[in-house]
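Chain by chain, the residues:
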Amino acid sequence: MSRIFVEAWWPLPLIALAIPLLWWIAHRSQTAIAPRHRRWLTGLRFAAVAAAAIALMRPVWVAPGGDISVVYALDVSRSVAPGFLEAAIHWMERADADHRPAQSQVLAFADRGRFVDSPAAIRQLRVREGDGATLDVGVTDLESALDAARYGFAPNAVKRLVLMTDGNATTGDVWRAVDRLQRDGVRVFTVPALVREGRDAWIERIDVASDPRRDEPTEIVVRAFSQGPMRAQLHLSLAGRVIARQAVDLVAGANALVFVVRLPEAGSTALTAELVAEGDTVRENNRYTRSITVQSRPRVLYVASATEPVRYLPDALQRQGIDVTVTTAARLPANVDGLQSYGAVILSDVPGNAVSAAQGAALAAYVRDFGGGLLFAAGAQVYGDEGWRGSPVERALPVTFEAREKPRDLALLVVLDRSYSMKGRKMDLAKAATVGALDLLEPQQRFGVITFNSQHEVPIPLALAADKKAMEALIARFTASGQTNIFPALQTAYRLLSESPSKSRHIILLSDGDTQAADFPKLLRRMEEAQITLSAVAIGAEADVVLMQRLADLGKGRYYFTTDADEIPKIFVDETRRVANESVTDESTRAVVAGKAEVLRGVDFAGAPPLAGFIETKPRDRAERLLDTDTGVPLLARWQYGLGKTAVFASDVKNQWGAAWIAWPGYGRLFGQLVRDTLRRDAGEGLDFAVSVADGEAVVQLTVLEADGAFRNGAEPKVRITVPGRTPRDVPLRQTGPGRYEVRVPYQAAGAAPWRFDLAPSPGISRALVDQAGPRELHRPVSAEFRLLPPDQSLLRAIATQTGGAFAPEPAAVFADLGDTASRSRPLWPWFAAAALMLYLLDLALRRTPWGWRRLAD
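Residues numbered from 1 in each chain as written. Predicted model: local features only at pLDDT ≥ 70, side-chain atom pairs only at ≥ 80, totals over all residues. Heavy atoms only, no water.

Q: Would you take a moment to explain the overall build of the protein for this structure?
A: The number of helices and strands found in the protein is 21 helices and 43 strands. When burial is assessed residue by residue, the protein has 51% of its 858 residues classed as buried. Of all intrachain contacts in the protein linking residues separated by at least 6 positions in sequence, the fraction that spans at least 24 positions is 74%. For the protein, the accessible surface area stands at approximately 39700 Å², while carbon and sulfur atoms represent 52% of it. (Helix = DSSP H or I, 4+ residues; strand = E, 2+ residues; numbered from the N terminus. Buried < 20%, exposed > 50% of the residue type's maximum accessible area, 1.4 Å probe, protein only. Contact = heavy atoms within 4.5 Å. Areas by Shrake-Rupley, 256 points an atom, 1.4 Å probe, with all protein chains shown as cover.)

Q: Explain the sheet that holds strand β41 (residues 755-760) here, please?
A: Paired through their backbone hydrogen bonds, the strands of a sheet run either parallel or antiparallel. One open sheet holds the 4 strands; their spatial order is β38-β37-β41-β42, and the pairing between them is antiparallel. Whereas interior strands pair on both sides, the edge strands pair on one side only; in this sheet they are β38 (729-732) and β42 (776-778). Averaged over all neighbouring strand pairs, the angle between strand axes comes to 30 degrees, with direction disregarded. (Pairing = 2+ DSSP bridges. Axes fitted to C-alpha atoms, helices over the stretch in contact; angles between N-to-C directions.)

Q: Is there a simple way to explain the sheet that holds strand β10 (residues 201-208) in this structure?
A: Here 3 strands make up an open sheet; going across it, the order is β10-β11-β14 and the pairing antiparallel. Pairing within the sheet leaves two strands with one partner each, and these edge strands are β10 and β14 (253-262). Averaged over all adjacent pairs, the angle separating strand axes in this sheet is 25 degrees, with direction ignored. The pairing of β10 with strand β11 (residues 217-226) spans 7 bridges and is antiparallel.

Q: Where do I start with the nonpolar core in this structure?
A: When a protein is soluble and globular, its nonpolar side chains tend to lie buried together. Of all hydrophobic cores here, the largest spans 70 residues; its most connected members are L347, F376, W661 and F671. The contacts of F376, once residues within four sequence positions are left out, are L347, V382, W388, V393, L397, F401, A647, V648 and F649. (Core = buried A, V, L, I, M, F, W, Y, C linked by side-chain atoms within 4.5 Å.)

Q: Please explain the pattern of salt bridges as it appears in this structure.
A: Side chains that carry opposite charge are capable of pairing whenever their charged atoms lie near each other. Under the definition given, this model contains 33 salt bridges. Of the charged contacts in the structure, one is a salt bridge between R180 and D147, with a shortest N-O distance of 2.7 Å. Taken together, the residues span a long stretch of sequence, with R180 in helix α5 (residues 174-183) and D147 in helix α4 (residues 142-149) at a distance of 33 residues. The exposure class of R180 is partly exposed, given its relative accessible area of 21%. Where E274 meets R287, a salt bridge forms, and the shortest distance between an N and an O atom there is 3.1 Å. (Salt bridge = Lys/Arg side-chain N within 4 Å of Asp/Glu carboxyl O.)

Q: I tried to follow a nonpolar patch on the surface on my own but got confused; where do I start?
A: Together, W10, L14 and L56 make up a nonpolar patch on the protein surface, roughly 320 Å² of accessible area in all. Within the secondary structure, L14 sits in helix α1 (residues 12-28). (Patch = residues over 30% accessible without salt bridge, like charges linked within 9 Å, V, L, I, M, F, W, Y side chains within 5 Å.)

Q: Explanation requested: unusual backbone geometry in the structure shown.
A: Note: most peptide bonds trans; most residues except glycine with negative phi. Residue R100 is not a glycine yet carries a positive backbone phi of 40 degrees. Along the chain, R100 turns up in the loop between α3 (82-99) and β4 (103-109). Look at D349: it is not a glycine, yet its phi comes out positive at around 50 degrees. Following the sequence through the fold, D349 ends up in the loop between β19 (344-348) and α7 (357-368).

Q: Is there a simple way to think about the side chain of S651 in this case?
A: Relative to the helices and strands, S651 resides in the loop between β34 (644-649) and α15 (659-662). Among the polar contacts made by the side chain of S651, one reaches the main-chain carbonyl oxygen of G613 at a distance of 2.8 Å. If sequence neighbours within four positions are ignored, S651 has contacts with A377, A378, G379, L611, G613, F614, L635 and W657. (Polar contact = N/O pair within 3.5 Å; in protein donor to acceptor, adjacent residues only side chain to side chain.)

Q: Would you explain the packing of aromatic side chains in this entry?
A: The geometry of an aromatic ring pair comes down to the distance between the two centres and the angle between the two planes. Evaluated as defined, the whole model comprises 11 aromatic pairs. Ring centres of W755 and F757 lie 6.5 Å apart, and the angle between their planes is 35 degrees; on these two criteria the pair is classed as tilted. In terms of burial, W755 and F757 fall into one category: buried. Of note, R150 hangs over the ring of Y151, and the distance from its end group to the ring centre comes to 5.8 Å. (Phe/Tyr/Trp six-rings, centres within 6.5 Å; stacked < 30°, edge-to-face > 60°. Lys NZ or Arg CZ within 6 Å of the ring centre and 35° of its normal.)

What follows is the structure, given as structure tokens:
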């Protein structure tokens, strides 16, 4: 339906004012004109003023129209089959001939759009792959092509766009352009293009775990795509040197090819993957290079108890690419500054009373406030109120140390040397120590004593520790005399304990001298089979420390050595508290996976040997349980504590409870992954420097942190960009958010040499930070046009549906009446302006020519 509208209403009052004004002027005029003539002239003037006012209102006449303007947009990029281009030219020529649109335009596009005179002109179109002034067929930019098409439509016509492409854009965002086409009322008809035929496989990208470190196992995933099943060889190179290779069977479609390698050098370097596939017809896309930055080996502090053989876990971690510094609890730093150089701290079976209040507070603050990591490996010394319970360190852990409701079912047998060398104060202290051990036991637990010199006796048979006074009276009668012979006493101890119904059975052996040779290993193996453990206390410089330590090792217990007899009571009390403690379980158990986590990946717990003991803990509400014992007790748990992470392994990591695990292949991998998971992240002063490519631009992004982890604002960072063959230039970055800075520069990779990006020292960015960041490189990517992907029909269908067009239409469908019309508008103000002028001239003529008056009079 036609209609008229005006663009301005302000001149309308002129008409209302003109009527009384012109009437007043006419009656006030002194000209000798007849009244009839005056009325005619006044009417002409009024009409001229009205016509002028209407012209100033700029009226426009709008009428519907059905003329169709069509733009044919043809993808001429490399991925489109040459045969399809010929078919598309014939399609366009037939559509124009059969339906004769009011206007048609032909747009050829690849990296951008270019209008040509006719469909046939596409055959003569000059294209390129690389630098030049013509279309670059190595790129498909659908967004740019659709935007260019918008300018090819005739005004005041129905707009139809025929898009002929495979839909595989290599740059741009097609949906931004589709949104603009919708606002312009353009219907898009999509014709899927045929792609080049070939047997092809290519590398899409390389994924590397974030922050890879030198010498640690690093997972590298090469993403490859194959048009069909193929046999291939995949080589992985670092800085031009092959570090891994594997034969692969590619499947049709996407393939994820995994390497686990150790990166031998720290710093920025080039990682290259090369695919050699049988029958591959396109070799240009078989190589992919990306820049990676390899961090230095992490450093951890391993804190062991004074008597612990520490070589097991530190050696395993060294093989996992982690540098380990070993110390004792006495040397644990008592301030955070002393811990800052380490990524994590490992406490291995360290008694709580061996760590001072200052050391514990520093360790907790190191985790909570500075993002440090803490791995707490338990052991038999982690127990009770004299252990870690209620300490700052326990508050940092994901578990609490809580005793069982029922005391342990224990049988404790003391095998006491009463040879002549124990005479005097040694014997008195040994008797006091034995009484002290007895006092720690509950009445329902069992206790006994065997004494020996060259012969042995059983003065206190193994029995319930109910009548402690009677037992203490017997202990008081012990005297020292004779030579030393340990073996018969241990044989009797083995016999008594093997007959005991108690679940936990333990021997404390005290001796200060040499003994006769005997088959101790055989006896200790029988004890192990009977689940009897033995701890050995060697006293005096003359003691056979080698034998005593070996007995403790074979007996799966502890070894103590002292030259000070005054320490004997404390050793007995500590050892008795350890074996009698409610939270310590000297029972065989297996690790059971309780939760999925990356730190457990690749570890075969089904094939893991059993652990010989553990401590019972209670997980906190927010703790993540990763492993349990086969009885459901938490074995491995972790959580976030402030800025850092802590984890607890409730068994030990050495040759006591964990003796069988030391030779297990999963031992090093599990604890290596666990330590790396808890490692301190850069919570202090530092930066995150990244370079990527987006929409044909190199995007440099930088995040800068203060020493306390807060964002650093107001810095003035610069990046030095080195383009092969050009002079390096410094480009400033602008702040885009808290502590975040960015700059974008046009990126056109040419040749094999990469672009290099180096941070430059500047206000707010120190030389130390620049050195820490290192350089970044952008390597020339293989054109996505070499990847012979099938047409993206789902995308093309979606575009057609979104804009009201059709997918894979016949020409007639493009020109069909779909109910949409275009508006034809014509401005009317020139006509009214001309009428006003003519009326004004007529008024002048009638007033100044007498014959005009006579004509009016007639």
